[in-house]
Amino acid sequence: MTNAKNSAAAPWLTLLVLALGCTLCGFLPDVSEATAAQFAPLILLLIGLCAAALALTKKLTARRAVLLLFAAGFVLRVFYVLYTPYTVRQHDVWLVTSGKGHMGYIQYIAEHLALPDTNQIWQFTHPPLHHIVAGGLYRILSDMGLQAELIAEKLQFLTCFYSCALMVVCDRLFCRCGLDGAPRAAANAVIVFHPTCFLLGGCLNNDMLCLLLTVTSLLFFAAWWQEKTTAPLLWCGAFLGLAMMAKVSAALLAFPLAAAFAARLFTCGGKPTRLLSQYALFGAVSVPLGMWFPLRNLIRFGQPLVAVEVLSPTANASQYLAGVPVARRLFAFPASQLINPFQSWDEADPGCNVFLSLFKTSVFGEQEWGHRFVAFLLLAVSVLLALVAFAVLLWRSTGIFLKPRKHELDAVWLAFCAVSLVSFVGFCFTFPFICSQDFRYLAALLPFGALALGNLATSSDSRVLRGFLYGGIALFAVSSALLYALPHTL
């Protein structure tokens, strides 16, 4: 694979093409899993043959490889949406007839063209950005004569586009952080084929939009860190505010950013005025965008600034884990859970270990998929790659055994990952339910794991190590594609 410029051509054009593709696919009829299994593998095979032909003729540049990966990711995401009803593998969405959950929130905005006048309905406590966008689309489709059930199915293509757009944003982040050639393609392959992006891309809640906006904010932070100009920091603040307007948990990003701002201030050489003015502009953009809705609900309803919908222990007794010892939830890895690749909801043997649940839900969500051999393979490879990525990120950010110096941006990424992980573990014990242990709450760590793997491939002089790394990523990609593109045929 030959090298390409780090600034890939026309990312905005790529986003436009993906948006147009998702829009056109919205006119397709839903398909069964069996039908998806007939067409998706064929299209993926054609993409693979195209990549092989370019490689044999030595025309496979990094840019072309990434574009082919985007095409494969688009196919997998679209087919997942086409064969997955809006009632399957959702999170707090509920039916179009329920009037509650994220679907009820979207419908309220579509019908009233206003925000809800109550926070007492399930999930109506969330910031409304995703629900406003989806509600506007719902209103358009409703005015066109579509029924509510069909509109709900079509709205999945909105979150599908968010997932597709994430591929482009992650590639920009990888290029910004110095990846090129094969390492850049490898990092992109992790994002393109990661099952979390399929699952959230088909879900009608606000997770996927929050993830997209959070990573976009970090992309502009990286640009500011390297260029030291004001414009990228303003964009970083805008996207952070929008991420908080999609889901309040995006505010966790403020902690590592504040630490990075302080570190740069203390090392600026005694001339802080320009930096302080940049920070003030960052706050002037991000705070109003991110905090207006929590403040609105605090004033109108007395709702806490950080509001979480609390499940009833009585109504959800089968997944309530308050009585499970802390040591068991953190350090116990029972054989019954190790031989089951999927999250267990068995009341007699629940999946109560936080980290096992984290890994399992990262590739399968909260339900079983069947095809256990492929599932075990996918899970094992994903765990191995995640541990390697964490070790690389720790190594690069601390500077241990690294000459001549540590990588400063990696320290910011490690801080973000650490804050997110600590918050996640705390969340699991504050709200002790099996569903609290879902990887979707940590999905923003994905780009930095992929980036760490790409950095390892870039910095390693060992062909053997690079071969194992590329082989592991390829195995991850193939097993993920098999499980999600051939849901009934293995």
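Remarks on the overall build of the protein chain
So, point 1. A tally of helices and strands in the protein chain yields 19 helices and zero strands.
So, point 2. Taking 490 residues into account, the globule formula puts the C-alpha radius of gyration at 23 Å, and the protein chain, at 22 Å, falls close to it.
So, point 3. Structurally, the protein chain occupies a C-alpha span of about 60 × 60 × 50 Å along its principal axes.
So, point 4. The proportion of buried residues among the 490 residues of the protein chain is 53%.
So, point 5. For the protein chain, long-range pairs separated by at least 24 residues make up 75% of all intrachain contacts whose partners lie at least 6 apart in sequence.
So, point 6. If you sum the accessible surface of the protein chain, you get close to 21,100 Å²; carbon and sulfur atoms cover 70% of it.
So, point 7. Both charge centroids of the protein chain, one from 31 positive and one from 22 negative side chains, sit 15 Å from each other.

Considerations on helix α10 (residues 230–246)
So, point 1. A rise of 1.5 Å per residue sets the reference length of α10, with its 17 residues, at 24 Å; its end C-alpha atoms lie 25 Å apart and thus fit the reference within 8%.
So, point 2. Most of α10 is tucked away: 12 of the 17 residues are buried.
So, point 3. Residues of α10 that are buried include every one of P232, L233, C236, G237, A238, F239, L240, G241, A243, M244, M245 and A246, and no others.
So, point 4. Where α10 is buried, its residues contact α5 (129–143), α9 (207–227), α11 (254–266) and α12 (273–301).

A closer look at the pattern of salt bridges
So, point 1. In total, this model carries eight salt bridges according to the counting rule given.
So, point 2. When the shortest N-O distance is used, the salt bridge between R184 and D171 registers 2.9 Å. Linking R184 in helix α7 (residues 181–193) with D171 in helix α6 (residues 148–176), this pair joins segments that are 13 residues apart in sequence. Assigned by exposure class, R184 and D171 land together as buried.
So, point 3. The shortest N-O distance in the salt bridge between K247 and D207 comes to 2.4 Å. Of the two residues, K247 is situated in the loop between α10 and α11 and D207 in helix α9; the sequence distance between them amounts to 40 residues. Here the two residues K247 and D207 agree in accessibility, since each one is buried.
So, point 4. When salt bridges that share partners are traced, they join D92, D207, K247 and R440 into one network.

Structural notes on a nonpolar patch on the surface
So, point 1. On the surface, F39, L42, I43, L45, L46 and L49 cluster together to form a nonpolar patch covering roughly 560 Å² of accessible area.
So, point 2. Within the secondary structure, L45 is located in helix α2 (residues 33–56).

Quick notes on the confidence of the model for the protein chain
So, point 1. For the protein chain, per-residue confidence averages 92 on the pLDDT scale, and residues scoring 70 or more make up 96% of the total.
So, point 2. Here residues 1–9 scores under 50 on pLDDT; set against residues more than four positions off or in separate chains, the count is 28 contacts.

What to know about the environment of L456
So, point 1. Of note, L456 is situated in helix α18 (residues 446–459).
So, point 2. Separated by 70 residues in the primary sequence, L456 and A386 have C-alpha atoms spaced 13 Å apart.
So, point 3. Not counting chain neighbours up to four residues away, the residues in contact with L456 comprise V388, V392, L465 and L469.

A short note on the nonpolar core
So, point 1. Formed by 142 residues in total, the largest nonpolar core has its most connected members in M103, F193, F221, L257, F364, W369 and W413.
So, point 2. Ranked by residue count, the leading element in this core is α6, at 16 residues.
So, point 3. Non-local contacts of W369, meaning those with residues more than four positions away in its chain, are made with Y80, Y83, R89, L199, F342, F364, L483, Y484 and P487.

A closer look at the side chain of S480
So, point 1. Among the structural elements, S480 can be located in helix α19 (residues 463–485).
So, point 2. With relative accessibility at 0%, the residue S480 sits in the buried group.
So, point 3. If we ignore the near neighbours within four places in the chain, the residues touching S480 are F193, P195, F198 and L378.

What to know about the packing of α7 against α19
So, point 1. At their nearest, the axes of α7 and α19 sit 9 Å apart, and the two run at 30° to each other. Classed by the angle they form, the pair α7 and α19 counts as roughly parallel. Pair α7 / α19 crosses with left-handed handedness. Contacts between α7 and α19 involve A182, P183, A186, A189, V190 and F193 from the first element and Y470, I473, F476, A477, S480 and A481 from the second.
So, point 2. Split by residue class, the contact of α7 with α19 holds 11 nonpolar, one polar and no charged.

Focus on the environment of R264
So, point 1. Relative to the elements of secondary structure, R264 occurs in helix α11.
So, point 2. Classification of R264 by relative accessible area gives buried; the value is 12%.
So, point 3. For R264 and L18, which are 246 residues apart along the polypeptide, the C-alpha to C-alpha distance reads 37 Å.
So, point 4. Ignoring sequence-local partners within four residues, the contact set of R264 consists of W224, W225, K228, L275 and Y279.

Considerations on the packing of aromatic side chains
So, point 1. Counted by the stated rule, this structure contains 25 aromatic pairs.
So, point 2. Each ring, one from W224 and one from Y279, has its centre 6.2 Å from the other, and the planes form 65°; the classification is edge-to-face. With W224 in helix α9 and Y279 in helix α12, the pair connects residues that are 55 residues apart, well separated along the chain.
So, point 3. Note on Y279: relative accessible area 14%, which makes it buried.
So, point 4. An aromatic cluster is defined as three or more aromatic residues linked by ring pairs; in this entry it consists of F221, W224, W225, F261, Y279, F282, W413, F416 and F448.
So, point 5. Looking at K100, its charged tip hangs above the ring of W94, at a distance of 4.1 Å from the centre.

What counts as what
Residues numbered from 1 in each chain as written. Predicted model: local features only at pLDDT ≥ 70, side-chain atom pairs only at ≥ 80, totals over all residues. Heavy atoms only, no water. Helix = DSSP H or I, 4+ residues; strand = E, 2+ residues; numbered from the N terminus. Rg over C-alpha atoms; globule rule 2.2 N^0.38 Å. Buried < 20%, exposed > 50% of the residue type's maximum accessible area, 1.4 Å probe, protein only. Contact = heavy atoms within 4.5 Å. Areas by Shrake-Rupley, 256 points an atom, 1.4 Å probe, with all protein chains shown as cover. Lys, Arg positive; Asp, Glu negative; His and termini not counted. Charge placed at Lys NZ, Arg CZ, Asp CG, Glu CD. Expected span 1.5 Å × (residues − 1). Salt bridge = Lys/Arg side-chain N within 4 Å of Asp/Glu carboxyl O. Patch = residues over 30% accessible without salt bridge, like charges linked within 9 Å, V, L, I, M, F, W, Y side chains within 5 Å. pLDDT = per-residue confidence, 0-100. Core = buried A, V, L, I, M, F, W, Y, C linked by side-chain atoms within 4.5 Å. Axes fitted to C-alpha atoms, helices over the stretch in contact; angles between N-to-C directions. Parallel < 35°, antiparallel > 145°, perpendicular 65-115°, else oblique. Left-handed = near helix turned anticlockwise from the far one by under 90°. Nonpolar A, V, L, I, M, F, W, Y, C, P; charged D, E, K, R; others polar. Phe/Tyr/Trp six-rings, centres within 6.5 Å; stacked < 30°, edge-to-face > 60°. Lys NZ or Arg CZ within 6 Å of the ring centre and 35° of its normal.

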